Amino acid sequence: MFRAELDAIDIRILKELQADGRMTNVELAARAGISAPPCLRRVRKLEEAGIIEGYTAMLNAPALGYDLVAFCMVGLKHQSEANLKAFAAATGEWPMVRQAWMVSGDSDFLLHCVAENLTRFQDFVIEELTANAQVDTVRTMLTIRQVKKVGLVEL
């Protein structure tokens, strides 16, 4: 299914689910302006097409003891396909790295990290990230405060 195949009701369903993925099908149907059975069929179709990838809970990291959010811009020694794949695979082994992107520009990867505190983050950067065989440079940015948090796609 491509964006061109989505009608206004599909878009409304996606907007509502992105804002609140826990609502019941009946509530979603009411917000989308259709009855529950066709709403459920549409949601299933969007799931099967891979447009809805899944459902998750958004957790309050500080309430769980994770007070530090940082970004790392990582430059590799060589940008061969093998090195890029090896480093991408390594990010999957680091629990502190919550999201990772391969990027263009001065860096090769951008890592979103969440840690309990500065010491744990520093230990990760020194003992794991910079110790990785593919890594040449690491630039870190500690966040001060999150000022915007919305769904990943504007509909």
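Source: prediction; values computed, not measured.

Enquirer: Can you help me understand the pattern of salt bridges in this one?
Expert: Pairing is possible between side chains of opposite charge, provided their charged atoms come close. Throughout the structure, instances matching the rule amount to eight salt bridges. With a shortest N-O distance of 2.5 Å, Glu27 and Arg31 are connected by a salt bridge. Within this pair, Glu27 and its partner Arg31 are both found in helix 2 (residues 25-32), separated by four residues, close to a single helical turn. With relative accessibility at 32%, the residue Glu27 sits in the partly exposed group. In this structure, Arg120 and Glu116 form a salt bridge, with 3.4 Å as the shortest nitrogen-oxygen distance. Arg120 sits in the partly exposed class, given a relative accessible area of 44%. Glu116 sits in the partly exposed class, given a relative accessible area of 27%.

Enquirer: So what exactly am I meant to see when it comes to the packing of aromatic side chains here?
Expert: One pair of aromatic rings is described through two measures. These are the centre distance and the angle between the planes. In total, this model carries three aromatic pairs according to the counting rule given. Geometrically, the ring pair formed by Phe87 and Trp94 is edge-to-face, given 5.7 Å between the ring centres and 65 degrees between the ring planes. The class for Phe87 is buried, based on a relative accessible area of 0%. Taking 5.5 Å as the distance between ring centres and 80 degrees as the angle between the ring planes, the aromatic pair formed by Trp94 and Phe124 counts as edge-to-face. Taken together, the positions of Trp94 in the loop between helix 4 (81-91) and strand 2 (97-102) and Phe124 in helix 5 (residues 118-129) put the pair 30 residues apart, joining distant regions of the chain.

Enquirer: Would you take a moment to explain helix 1 (residues 8-19) for this structure?
Expert: Within an α-helix, residues lying three or four positions from one another point in the same direction, as the helix has 3.6 residues per turn. Its 12 residues place the ends of helix 1 17 Å apart at the C-alpha level, agreeing with the 16 Å of an ideal helix rising 1.5 Å per residue. Along helix 1, the residues that are buried comprise Asp10, Ile11, Ile13, Leu14, Glu16 and Leu17. At the N-terminal end of helix 1, a side-chain oxygen is found 3.1 Å from the backbone nitrogen of Ile9, two or three residues along, and the residue is Asp7.

Definitions and cut-offs
Residues numbered from 1 in each chain as written. Predicted model: local features only at pLDDT ≥ 70, side-chain atom pairs only at ≥ 80, totals over all residues. Heavy atoms only, no water. Salt bridge = Lys/Arg side-chain N within 4 Å of Asp/Glu carboxyl O. Helix = DSSP H or I, 4+ residues; strand = E, 2+ residues; numbered from the N terminus. Buried < 20%, exposed > 50% of the residue type's maximum accessible area, 1.4 Å probe, protein only. Phe/Tyr/Trp six-rings, centres within 6.5 Å; stacked < 30°, edge-to-face > 60°. Expected span 1.5 Å × (residues − 1). Polar contact = N/O pair within 3.5 Å; in protein donor to acceptor, adjacent residues only side chain to side chain.

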